[in-house]
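Letter by letter, the chains look like this.
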Amino acid sequence: MLAALAALGLAPLALELAVRWWPYPEALARPPAAATLVLDHAGRPLAAFASAAGAWHLPVADGDYGAWLPAAVIAVEDHRFAQHAGVDWPALLAAAWADLRAGHVVRGASTLTMQVQRLREPRPRTPLTKLIELVRARQLERRLGKQALLGEWLERAPFGANLVGAGAAAWRWCGVPCRALTLAQAALLAGLPQNPARLRPDLHPQAALARRAHVLACMRATGAITASQYATAMAEPLGCAWRPLPQAGWPTLLPACASAAAGREGVVATAYDLDLMRQAEGCVRALLAGSGGAADAAAVVVVENLSGAVRAAVGAGGPTALDLTRCPRSSGSTLKPFIYAAAFAAQLCTPDSVLDDAPASWAGFAPRDYDRAWRGRLTAAEALAESRNIPAMALLARLGVRSTGDRLEALGLRGLGAQARRSGLTLAVGGALVTPRDLALAYAALARGDAAGCGGVACHQALRCLADPARTAAVCTEAATLGIAWKTGTSSGHRDAWCAAVTPTWTVVAWLGTVRGAGAPALVGQESAAPAALRLLAGIAHADGAWPAPSPDATVTLAPAALPALPPPLAIVSPGNGSILAADGEGAAQPRLALTCSGAHGAVWWFADGDLLGQAAADQPCWWLAPGGRHDLRVVDTAGRAASVRIVVR
C-alpha cells in the first residue's frame with residue numbers, strides 16, 4: 001500500500017512531463033456533425049434534419065446556455081471546476097484511496113475537462129485510459145480555458161436517444177432554447193448524461209425526477225441557488241417529453257425547408273411564416289383534390305410584395321426531397337402581363353388601345369387560342385384579361401424578343417434571356433420554363449411597380465387589366481371584392497396549370513401538373529388552379545385596397561391609328577394543301593407547277609422537301625417540275641414568316 005501511495009505522490013511529476021512532450025492529436029478537436037433546425041421568421045421551428053451520422057446536435061452558436069444549465073452541470077459533475085487545472089488531485093487521491101480500500105472501483109474522480117476528452121475520444125474504461133485522460137485534460141486546460149471547456153462539454157454530452165449536446169436536448173425535451181430553460185428543466189437536463197438511457201424522462205419519469213432532485217441538492221449545497229429557488233424548482237412538475245419533429249403532420253413543408261437548409265448546419269433562420277406555410281399547404285391539398293386525379297403534383301408560393309420575402313413555399317408530389325417550388329415548368333400565358341407592362345411603358349399602346357385578334361403567323365408558326373376562335377378588334381385590356389395570343393405575340397414582336405427575355409431575366413426569371421433566343425415569339429404563350437418561386441417573385445415586383453424598368457404606372461396598368469371583380473366572382477366569390485389581379489396559364493398539351501394572383505401586399509402563385517409532365521384535359525389554369533389560388537389569397541389579403549390609378553399627367557393616350565395593323569398571314573395559294581396531282585396520260589412528263597402565295601412581304605423563297613427551288617417576287621409564281629411522290633412545299637418571305645403545304649404527285 002505504501003508503494004501505491006508513493007506512486008501516487010510521483011504522479012503529478014510524471015503527468016507534467018507527459019503533458020509537455022506528448023503532442024495532442026489535432027483531429028480530436030473536430031466538433032460533432034450538426035443537425036439542422038429550420039426556423040420561420042419569428043423563430044418558430046418549421047423542420048429539422050438529423051446529421052449525416054443520424055444524431056441530433058444543434059450547436060448553440062451564441063454560447064448562450066442560460067443562467068441555470070452551466071451552473072447545474074458544474075454543481076453535479078465538477079463543483080471544483082474553477083479551482084483545478086484539469087485534474088482534481090484531492091478528489092483523485094480520495095477516490096484512489098477508497099478504491100484501494102474496497103478492492104474495486106467505488107468512486108469516480110473525472111473532472112469536466114477529463115469528460116470532454118472522453119467525449120472527444122471514447123476509449124474502454126481501463127487504468128491506461130484514465131492515465132491518458134489525465135494527460136489530455138491538462139493539455140486541454142492550457143489550450144482552451146474554462147469557458148470553452150464548459151461550452152464543449154455542453155455541446156458533446158449525450159442527453160438520451162440520439163441527442164448530442166444541450167442545444168438539441170433543450171429543444172427535443174423541453175421545446176425551448178437553452179437560454180429559456182427554467183431552473184428545474186436545467187437541473188433535469190444536467191442530470192441526464194450520467195445515464196441517458198436509465199434517466200429518460202419519457203420512459204423513466206421517477207428516475208428522472210430523483211436525478212433532478214439530486215442535481216438541485218448539489219446546486220443548493222454549493223451555493224448556486226437559494227433555499228427558496230430550490231423549493232420552487234422541486235415543486236415544478238416534470239414537464240419534459242420527447243417532442244416530435246416540427247414537420248410531423250406537415251410533411252409538405254419539408255422540401256422547401258430542405259432547400260433552404262441545403263449545405264447548412266445548426267439553426268437556419270428563414271423568411272418563411274409558419275401560419276402561411278400551413279395555409280399554403282391547405283391550398284396544395286385543395287389543388288390536388290380539385291384536379292380529380294388529373295394531377296399528382298402541386299406547388300404554391302406566397303410572397304410579401306414590399307419586402308420581396310417568400311413567406312410560404314409548399315409542394316406535394318414526387319420524391320419527398322423534390323422542392324417543386326424550384327422546378328421549372330412551361331410558363332403557359334403567365335408572362336403576358338410583363339409583355340403588356342413593357343408595351344405600356346414603351347408607349348406602344350395603352351389599356352384602351354385597340355388591338356387586332358386575327359389570324360397571323362410568324363416563321364411558320366400560326367398560333368391559335370384555347371377556344372380556337374378569333375375576337376377581331378378589342379382593347380389591350382380585354383386582350384390581356386382574355387389572354388388572347390395574337391395580340392400578345394404582336395406586341396412582343398414590336399418590343400423585341402431578345403430584349404424582353406433579358407428584361408425578364410433581370411426580373412429574376414432565371415434563364416429567360418437564353419430561352420427567349422431559342423423560343424422566339426412563343427415566349428408569350430408558354431415557350432419558356434419558369435419555376436413557381438421565380439414567377440411569384442416576378443409578380444411581386446410587378447405589384448411594387450419595379451418590373452424590369454417598366455415603372456409603376458405601366459405595371460399597375462397591366463394589373464388593373466386583370467382585376468375585374470365580375471371576372472373574379474365567376475371563379476371565386478370570396479375574392480371578388482378584394483381587387484385581386486390574377487392571370488392564369490395552361491401549357492401546350494395541358495401539362496401545366498397556373499394561376500398568379502396579386503394584391504398590392506401579397507402575391508400567390510399556384511402550379512398544378514404531374515411529376516412526369518403528362519398532360520390531362522382537366523389541367524386548365526382558370527378551372528383547376530385559379531379557384532384555390534384566389535381562395536388562399538382572399539384568406540391572406542383581407543382588405544388590401546385597389547391598385548393605384550395613375551395621375552392624369554402620367555397617362556399616355558394613343559389613338560388606334562398609332563398601332564399598325566397586323567400583316568395578313570403568309571399562305572400558299574397554289575397548290576392547295578393536300579392536293580393530288582397527276583400527269584396527263586400514261587408516260588406523261590412531270591407536271592410543271594406554278595407555285596404562288598399571298599400575304600408575302602418582299603421576295604419569297606420556295607423549298608421542296610427542304611431543297612431550295614428558287615426565289616421569286618411576292619406576286620410572281622415560281623415554276624417547278626414536280627417528280628412523283630409525296631412532297632412538302634414551304635415558302636419563306638423576307639420578314640422570316642413561312643407557310644407550308646403537303647401534296648402528292650402521281
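From a predicted model like this one, the values you see are computed outputs, not experimental measurements. (Residues numbered from 1 in each chain as written. Predicted model: local features only at pLDDT ≥ 70, side-chain atom pairs only at ≥ 80, totals over all residues. Heavy atoms only, no water.)

Side note on the overall build of the chain
Stage number 1. The helix and strand tally for the chain stands at 21 helices and 20 strands.
Stage number 2. Taken over 650 residues, the chain has a buried fraction of 49%.
Stage number 3. For the chain, the accessible area works out to roughly 28300 Å², and carbon and sulfur atoms hold 57% of it. (Helix = DSSP H or I, 4+ residues; strand = E, 2+ residues; numbered from the N terminus. Buried < 20%, exposed > 50% of the residue type's maximum accessible area, 1.4 Å probe, protein only. Areas by Shrake-Rupley, 256 points an atom, 1.4 Å probe, with all protein chains shown as cover.)

Structural notes on the nonpolar core
Stage number 1. Counting 113 residues, the largest nonpolar core has Val300, Leu335 and Tyr340 as its most contacted members.
Stage number 2. The element that contributes the greatest number of residues to this core is helix H21 (residues 525-541), accounting for 10 residues.
Stage number 3. Residues Leu39, Leu58, Val116 and Val215 belong to the second largest nonpolar core, which totals 54 residues. (Core = buried A, V, L, I, M, F, W, Y, C linked by side-chain atoms within 4.5 Å.)

What to know about the sheet that holds strand E1 (residues 36-39)
The strands making up a sheet are joined through hydrogen bonds of the backbone, oriented either antiparallel or parallel.
Stage number 1. The 3 strands are arranged E2-E1-E3 in an open sheet whose pairing can be described as mixed. The open sheet has two free edges, formed respectively by strand E2 (45-49) and strand E3 (266-269), since each of these has just one partner strand. The average undirected angle you get between the axes of adjacent strands in this sheet is 20°.
Stage number 2. The pairing of E1 with E3 spans 4 bridges and is parallel. Note on E3: the bridge partner recorded for Thr36 is Gly266. (Pairing = 2+ DSSP bridges. Axes fitted to C-alpha atoms, helices over the stretch in contact; angles between N-to-C directions.)

What about the pattern of salt bridges?
Stage number 1. Inspection of the entire model under this criterion finds 21 salt bridges.
Stage number 2. Where Lys146 meets Glu141, a salt bridge forms, and the shortest distance between an N and an O atom there is 2.9 Å.
Stage number 3. Classification of Lys146 as partly exposed rests on a relative accessible area of 25%.
Stage number 4. The partner of Arg285 in a salt bridge is Glu281, and the shortest N-O contact between them spans 2.5 Å. (Salt bridge = Lys/Arg side-chain N within 4 Å of Asp/Glu carboxyl O.)

Remarks on unusual backbone geometry
Stage number 1. At the junction of Ser574 and Pro575, the peptide bond is cis and its omega measures out at 0° in the coordinates.
Stage number 2. Structurally, Pro575 can be placed in the loop between strand E13 (571-574) and strand E14 (580-581).
Stage number 3. Within the chain, Gln347 stands out as a residue other than glycine whose phi angle is a positive 60°.
Stage number 4. Here Gln347 is to be found in the loop between helix H13 (336-345) and strand E7 (354-357).
Stage number 5. Under the relative-accessibility criterion, Gln347 is labelled partly exposed at 47%.
Stage number 6. In the Ramachandran plot, Asp609 falls in the positive-phi region, its phi being about 55° despite a non-glycine side chain.

Comments concerning helix H9 (residues 205-221)
Stage number 1. Here H9 is 17 residues long and its end C-alpha atoms lie 24 Å apart, about the 24 Å a rise of 1.5 Å per residue gives.
Stage number 2. The complete set of buried residues in H9 reads Ala208, Arg211, Arg212, Val215, Leu216, Cys218 and Met219. An end-on view of H9 places all buried positions within 155° of arc, on one side of the element. Summarising the geometry of H9, the exposed residues directed more than 90 degrees from the buried face are Gln206 and Ala221.
Stage number 3. Contacts made by the buried residues of H9 are with helix H2 (69-77), helix H8 (183-191) and helix H10 (227-235). (Expected span 1.5 Å × (residues − 1). Arc of directions from axis to C-beta. Contact = heavy atoms within 4.5 Å.)

Looking at the side chain of Arg211
Stage number 1. Note that Arg211 resides in helix H9.
Stage number 2. One buried charged residue, Arg211, forms no salt bridge at all, with the nearest opposite charge on Glu77 at 4.1 Å.
Stage number 3. Side-chain polar atoms of Arg211 contact the backbone oxygen of Gly191, separated by 3.1 Å.
Stage number 4. In contact with Arg211, not counting residues within four places along its chain, are Val76, Glu77, Gly191, Gln194 and Leu199. (Lys, Arg positive; Asp, Glu negative; His and termini not counted. Polar contact = N/O pair within 3.5 Å; in protein donor to acceptor, adjacent residues only side chain to side chain.)

Digging into the state of the cysteines
Each disulfide consists of a covalent bond between the sulfur atoms of two cysteine residues.
Stage number 1. Under the criterion given, the structure shown has 0 disulfides.
Stage number 2. Sulfur of Cys174: no disulfide; nearest cysteine sulfur belongs to Cys240 and is 3.5 Å away.
Stage number 3. Lacking any disulfide linkage, Cys283 is separated from the closest cysteine sulfur, that of Cys499, by 9.1 Å. (Disulfide = S-S within 2.5 Å.)

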